[in-house]
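Coordinate analysis (summary)
Next come the chains, spelled out residue by residue.
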Amino acid sequence: MRHVGLIAGAAAAALVAAGAITYAVAGDDGGGRTPSAESADAGFARDMAVHHQQAVEMSYIVRDRTKDEAVRRLAYNIAQTQANQRGMLLGWLDLWGLPKVSSKPPMTWMDMGGMASGKDGALMPGMATDSEMKKLGELSGKQAEVFYLRLMTDHHQGGVHMAEGCVDRCTVGVEKRLAQGMVDAQQSEISLMADMLKERGAAPRA
């Protein structure tokens, strides 16, 4: 039951951090100015929306590949939390009148546009490749659980790095607070997933 409480707590913390978002956030703590298309605020919103979408997909895949309740509950909470946050990020871009895609490489807003090669679909740090996503859908039981936990640990580590970048660079207060909530919740889940891997005689990927 310890894992159940930790998982629920992490998910609740992320949603509380997001808060009751309204359409008044466009210039929150930013002097009333709408962020530009090249700003860290817009770049983070675009990139993290893509990053989150893969986590949602990964989580729903594993829920169909295992009957283990702890993994299924973790996957469901990650999917719900990140889908919720993704909606906020895309909503802000709509509110700001900014495009949801950019001609520049991902992570350019962090001065790291060349960090991820994009090879085999891995567009940003921590993202799984297309081949890994396909493999996850082919595994079942304990093998699927271990592979998912490893992939999601990498995914969270990349997400934390990006969210910390927004905390440092973004100017919209509510977005910075959401990013900090992501850091806190995903670091907690990384620790939880390490424990879950250990229980299965495995460890995160080096």
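Structure: see above.
This one's a predicted model, so the numbers in the text were calculated from it and none came from an experiment. (Residues numbered from 1 in each chain as written. Predicted model: local features only at pLDDT ≥ 70, side-chain atom pairs only at ≥ 80, totals over all residues. Heavy atoms only, no water.)

**Concerning the overall build of the protein**
For the record, the criterion: Only DSSP runs of H or I reaching four residues or more are called helices, and only runs of E reaching two or more are called strands; each is numbered from the N terminus. Only protein chains enter the accessibility calculation, which uses a 1.4 Å probe; a residue whose area is less than 20% of its type maximum is buried, one above 50% is exposed, and one in between is partly exposed. Any two residues having at least one pair of non-hydrogen atoms within 4.5 Å are treated as being in contact. Accessible surface area values rest on a Shrake-Rupley calculation with a 1.4 Å probe, where residue burial reflects the displayed protein chains alone.
In terms of regular secondary structure, the protein is built from six helices and zero strands. For the protein, the α and β elements follow one another from N to C terminus as α-α-α-α-α-α. For the protein, buried positions account for 48% of its 206 residues. Expressed as a percentage of contacts within the protein between residues at least 6 apart in sequence, the contacts between residues at least 24 apart total 77%. Accessible area of the protein: about 9,500 Å², with a carbon and sulfur share of 53%.

**Some details on the pattern of salt bridges**
We count it as follows: The term salt bridge refers to a side-chain nitrogen of Lys or Arg lying within 4 Å of a carboxyl oxygen of Asp or Glu.
All told, the structure shown has nine salt bridges when counted by the stated rule. Put simply, Asp68 and Arg200 hold a salt bridge, and the shortest N to O gap is 3.0 Å. Taken together, the residues span a long stretch of sequence, with Asp68 in the loop between α2 (40-63) and α3 (69-96) and Arg200 in the segment after α6 (173-199) at a distance of 132 residues. For Asp68, a relative accessible area of 26% translates into the label partly exposed. The network of salt bridges with common partners includes Asp68, Glu145, Glu199 and Arg200.

**Some words on the side chain of Arg200**
Here is the rule: For this analysis, a polar contact is any N or O atom pair within 3.5 Å, provided that within protein one partner can donate a hydrogen and the other can accept it, and provided that sequence-adjacent residues contribute only side-chain to side-chain pairs.
Given a relative accessible area of 11%, Arg200 falls into the buried group. At a separation of 3.0 Å, a polar atom in the side chain of Arg200 contacts the side chain of Asp68. Once residues lying within four places of it in the same chain are set aside, the contact partners of Arg200 are Asp68, Val71, Lys142, Glu145, Val146 and Leu149.

**Here we look at the packing of α2 against helix α5 (residues 141-169)**
Convention followed: Helix axes use the C-alpha atoms of the stretch in contact, all axes being lines fitted to C-alpha atoms, and the angles between their N-to-C directions lie in the range 0 to 180 degrees. Geometric relationships in this document are graded by angle, where less than 35 degrees denotes roughly parallel, more than 145 denotes roughly antiparallel, 65 to 115 denotes roughly perpendicular, and other angles denote oblique. Handedness of a crossing follows from how the near helix is turned relative to the far one, being left-handed for an anticlockwise turn of less than a right angle and right-handed for a clockwise one. When residue character is reported, Ala, Val, Leu, Ile, Met, Phe, Trp, Tyr, Cys and Pro are called nonpolar, Asp, Glu, Lys and Arg charged, and the others, Gly included, polar.
Look at α2 against α5: their axes get within 10 Å of each other, and the N-to-C directions meet at 165°. Classified by the interaxial angle, the pair formed by α2 and α5 is roughly antiparallel. Here α2 runs over α5; the crossing is left-handed. Across the interface between the two elements, Ala40, Phe44, Asp47, Met48, His51, Gln54, Ala55, Met58, Ser59 and Val62 from α2 touch Ala144, Tyr148, Leu151, Met152, His155, Gly158, Gly159, Met162, Ala163, Cys166 and Arg169 from α5. Considered class by class, the residues forming the contact of α2 with α5 number 13 nonpolar, six polar and two charged.

**A few points about the environment of Arg169**
Summarising the element assignment, Arg169 is placed in helix α5. Sequence spacing of Arg169 and Ala40 is 129 residues, and the spatial spacing of their C-alpha atoms is 6.0 Å. In this view, Arg169 contacts Ala40, Trp109 and Met110; residues no more than four positions away in its chain are not counted.

**A short note on the nonpolar core**
This is how it is decided: Residues belong to one nonpolar core when they are buried, are Ala, Val, Leu, Ile, Met, Phe, Trp, Tyr or Cys, and are joined through side-chain atoms within 4.5 Å.
Ranked by internal contacts, the top residues of the largest apolar core, which has 30 residues, are Phe44, Met48, Leu89, Trp92, Leu93, Ala163 and Met182. Of all the secondary-structure elements, those providing two or more residues to this core are α2, α3, α5 and α6. Filtering out sequence-adjacent residues up to four positions away, Phe44 remains in contact with Ala49, Leu89, Trp109, Met162, Ala163, Cys166, Cys170, Glu175, Ala179 and Met182. Core analysis: the second largest hydrophobic core is formed by 23 residues, Val62, Phe147, Leu151 and Met193 among them.

**As for the packing of aromatic side chains**
Short version of the rule: Pairing of aromatic rings covers Phe, Tyr and Trp, the last through its six-membered ring, and needs centres within 6.5 Å; plane angles under 30 degrees mean stacked, over 60 mean edge-to-face, and all others mean tilted. Only when the NZ of Lys or the CZ of Arg is both within 6 Å of the ring centre and within 35 degrees of the ring normal is a charge said to sit over the ring.
As enumerated under the stated definition, the model contains two aromatic pairs in all. Summarising the aromatic geometry, the rings of Phe44 and Trp109 are spaced 5.7 Å apart at their centres and angled 75° between planes, so their arrangement reads as edge-to-face. Within this pair, whereas Phe44 is found in helix α2, its partner Trp109 is found in the loop between α3 and α4 (130-138), the two being separated by 65 residues in sequence. Here Phe44 and Trp109 have matching classes, each one buried. Here the aromatic rings of Trp92 and Trp96 are separated by 6.3 Å at their centres, their planes lie at 25°, and the arrangement is stacked. With a gap of four residues between them, Trp92 and Trp96 both fall in helix α3, about one helical turn apart. The cationic tip of Lys135 hangs over the ring face of Phe147; the distance from NZ or CZ to the ring centre is 4.6 Å.

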